[in-house]
Amino acid sequence: MKRFALILLAILTVSVITGCNNGDDDDDGVKVDLTTVAGAFQALVDSWEEADYEAYEKIFADGFTFYFDQLDIIDGAPESWGRAAELDAASVIFENADADDIELTLALPDDFTEPDGDTCNLNNLAYQISVTVDDVTYEAEASCYLTLERSGDEWFFTQWIDLYSFLAGDCCTWGGIKYQLGT
């Protein structure tokens, strides 16, 4: 009877451990489903809100390019940077800001439908982001254009164009925050 109880306990332990990891979440719990544009987009938002580098690095194509707004370039940012620089900046920010220190508002348009082809352009997406590091809060309210391309069964971000909004007042851009805090 004692042996049966030990075997049952071992089976239950294995079931609980394997049941907790279904392969859809990375180690920090952010779901990364790249099989739809909506899933890839949600992974972008969730990875920032959770300061989750492992999830963030999965969503970009090798040839990804981030284009800074002209006002950020005047302030010293480069015209653009690639995937490695994007991930380096996010890594520094996520190491210095807890998930509680990042607030992001960015949503797909209400009329969004999954594309039939292998390219998806998400135009003029308004966002608001706030990142607090060392008791200093950096805020931006602007917009961006995102391009995703399908590779096999998964969607990856290939281009991000950040645009300052003059309607936002004295705010910088998300790119400006990444450049200031991540380099």
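The structure presented is a predicted model; accordingly, all values stated were derived computationally and were not measured.

**Examining the pairing of strand 4 (residues 119–133)**
Step number 1: In this structure, strand 3 (residues 102–106) lies alongside strand 4, joined through 5 bridges in antiparallel fashion. For Leu104, the partnering residue across the bridge sits in strand 4 and is Ile129.
Step number 2: Joining the antiparallel neighbours strand 4 and strand 5 (residues 136–151) is a turn of 2 residues, in which Asp134 adopts a positive phi near 50 degrees.

**Structural notes on the nonpolar core**
Step number 1: Within the largest apolar cluster, 50 residues are counted, with the highest numbers of intra-cluster contacts made by Trp48, Tyr56 and Val131.
Step number 2: Contacts of Trp48, omitting those with residues within four sequence positions, involve Tyr56, Ile93, Phe94, Ile102, Leu104, Ile129, Val131, Trp174 and Lys178.

**Focus: the side chain of Thr65**
Step number 1: Examined against the element boundaries, Thr65 turns out to sit in strand 1 (residues 60–67).
Step number 2: When sequence neighbours within four positions are dropped, the list of residues in contact with Thr65 reads Ser80, Trp81, Thr158, Gln159 and Trp160.

**Here's the deal with the packing of aromatic side chains**
Step number 1: The final tally for this structure, using the stated rule, is 14 aromatic pairs.
Step number 2: With a centroid separation of 4.8 Å and 75 degrees between ring planes, the pair formed by Phe66 and Phe68 is classed as edge-to-face.
Step number 3: By relative accessible area, which is 0% here, Phe66 ends up buried.
Step number 4: Ring plane angle 40 degrees and centroid distance 6.3 Å describe the contact between Phe66 and Trp81, whose orientation is recorded as tilted. Taken together, the residues span a long stretch of sequence, with Phe66 in strand 1 and Trp81 in strand 2 (residues 80–82) at a distance of 15 residues.
Step number 5: Note that Lys178 overlies the ring of Trp160, its terminal NZ or CZ placed 3.7 Å from the centroid.
Step number 6: Lys178 extends its terminal NZ or CZ atom over the ring of Trp174, reaching a point 5.8 Å from the ring centre.

What counts and what doesn't
Residues numbered from 1 in each chain as written. Predicted model: local features only at pLDDT ≥ 70, side-chain atom pairs only at ≥ 80, totals over all residues. Heavy atoms only, no water. Pairing = 2+ DSSP bridges. Helix = DSSP H or I, 4+ residues; strand = E, 2+ residues; numbered from the N terminus. Core = buried A, V, L, I, M, F, W, Y, C linked by side-chain atoms within 4.5 Å. Buried < 20%, exposed > 50% of the residue type's maximum accessible area, 1.4 Å probe, protein only. Contact = heavy atoms within 4.5 Å. Phe/Tyr/Trp six-rings, centres within 6.5 Å; stacked < 30°, edge-to-face > 60°. Lys NZ or Arg CZ within 6 Å of the ring centre and 35° of its normal.

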